[in-house]
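# Chains, contacts and geometry: an overview
Each chain is listed here by its residues.
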Amino acid sequence: MNKILVAYFSASGQTMRLAKTIAEVSGGDIYEITPTQKYTSLDLDWHDSNSRSSVEMRKPDSRPSISNLKPNLDGYDSVFIGFPIWWYEAPRIIQTFLESFEWSGKNIVVFATSGGSDLGQSVEILKKSCNANFKDAKVLSSSTNSASIKNGWRAWVFELCKFRLITRAISLYSAKFSRIFFLNVCDSFVNTAGLADL
Ligand SMILES: Cc1cc2nc3c(=O)[nH]c(=O)nc-3n(C[C@H](O)[C@H](O)[C@H](O)COP(=O)(O)O)c2cc1C
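Just so it is clear, the model here is predicted, and its values are computed rather than measured.

Procedures and definitions
Residues numbered from 1 in each chain as written. Predicted model: local features only at pLDDT ≥ 70, side-chain atom pairs only at ≥ 80, totals over all residues. Pairing = 2+ DSSP bridges. Helix = DSSP H or I, 4+ residues; strand = E, 2+ residues; numbered from the N terminus. Axes fitted to C-alpha atoms, helices over the stretch in contact; angles between N-to-C directions. Contact = placed C-beta atoms within 7 Å. Near = placed C-beta within 6 Å. Nonpolar A, V, L, I, M, F, W, Y, C, P; charged D, E, K, R; others polar. Core = buried A, V, L, I, M, F, W, Y, C linked by C-beta atoms within 7 Å. Buried ≥ 20, exposed ≤ 12 C-beta atoms within 10 Å, placed from the backbone.

This brings us to the sheet that holds strand β3 (residues 76-84). Pairing is parallel across the open sheet formed by 5 strands, whose spatial order is β2-β1-β3-β4-β5. Pairing within the sheet leaves two strands with one partner each, and these edge strands are β2 (29-32) and β5 (133-141). Across the sheet, the axes of successive neighbouring strands diverge by a mean angle of 20°, strand direction being ignored. When β3 meets strand β4 (residues 107-114), the two strands line up parallel, connected through 7 bridges. Pairing of S78 across the sheet is with N107, part of β4. The strands touched by helix α1 (residues 14-26) are β1 (3-8), β2, β3, β4 and β5; relative to β1, the strand with the most contacts, the crossing angle is about 175°.

Next up, the structure:
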């Protein structure tokens, strides 16, 4: 069965919280993109033009390495990718991640947190790093993490995956044989009717 992966990088926890909500609503697996060298608060100081993050973001070809085992993407047809906005873009480690895999036939949905900026050119830049099908993108200001905002994100994820979530939920109430049959019929219908979501 095709599955969803929620992959994220978070330097100070905001994006991680959002990633957990998205994984919970979508029923996806979660994977943290962990830098080999963790970012310290000095590294993250955007007032310092010599800080590690400032230097990396000034260099478009900078590719910080990832320490943890990269997930096997074979079983996933859709991947949510989350990050904090740095200098109006995705941190370079997201390009390291994207360039580590073959993406043809897979969907990517971008989500981000920021101090108030929108996604800027982030998605356009990331598209150059892989041949995935970019489906949608959304950004959250980290100062507005209220319950109603959380519900807004839940609604967004549900809207993106609704056919998948509804068919999977109904199948839980079916016997094993009819469950497989039902999922196949639903998947064919959704694909044929052009309704395929994530
Ligand atoms: C190096 C650096 C650059 C940043 N650049 C921006 C920016 O261009 N626009 C913005 O709105 N916020 C910017 N921020 C704020 C982060 O996007 C925001 O705090 C985010 O929610 C942090 O997510 P995290 O806790 O998952 O790391 C920047 C933060 C850092 C550390």
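Continuing now.
Attention now moves to the site of the ligand. Within the structure, the ligand sits among 21 residues, and S10, T15, P84, G115 and S117 are positioned closest to it. Elements that contribute at least two residues to the shell around the ligand include exactly α1 and β4. Considering every element that reaches the shell around the ligand, the biggest residue donor is α1, with 3 residues. Across the shell around the ligand, the residue classes tally to 9 nonpolar, 12 polar and no charged.

Next up on the list: the nonpolar core. Formed by 35 residues in total, the largest nonpolar core has its most connected members in V6, A7, I22, F80 and I94. Counting residues per element, the ones that place at least two in this core are β1, α1, β3, α3 (92-98), β4 and α5 (147-171). Each residue touching F80, except ones within four places of it in the same chain, is listed here: I4, V6, I22, G28, V109 and F111.

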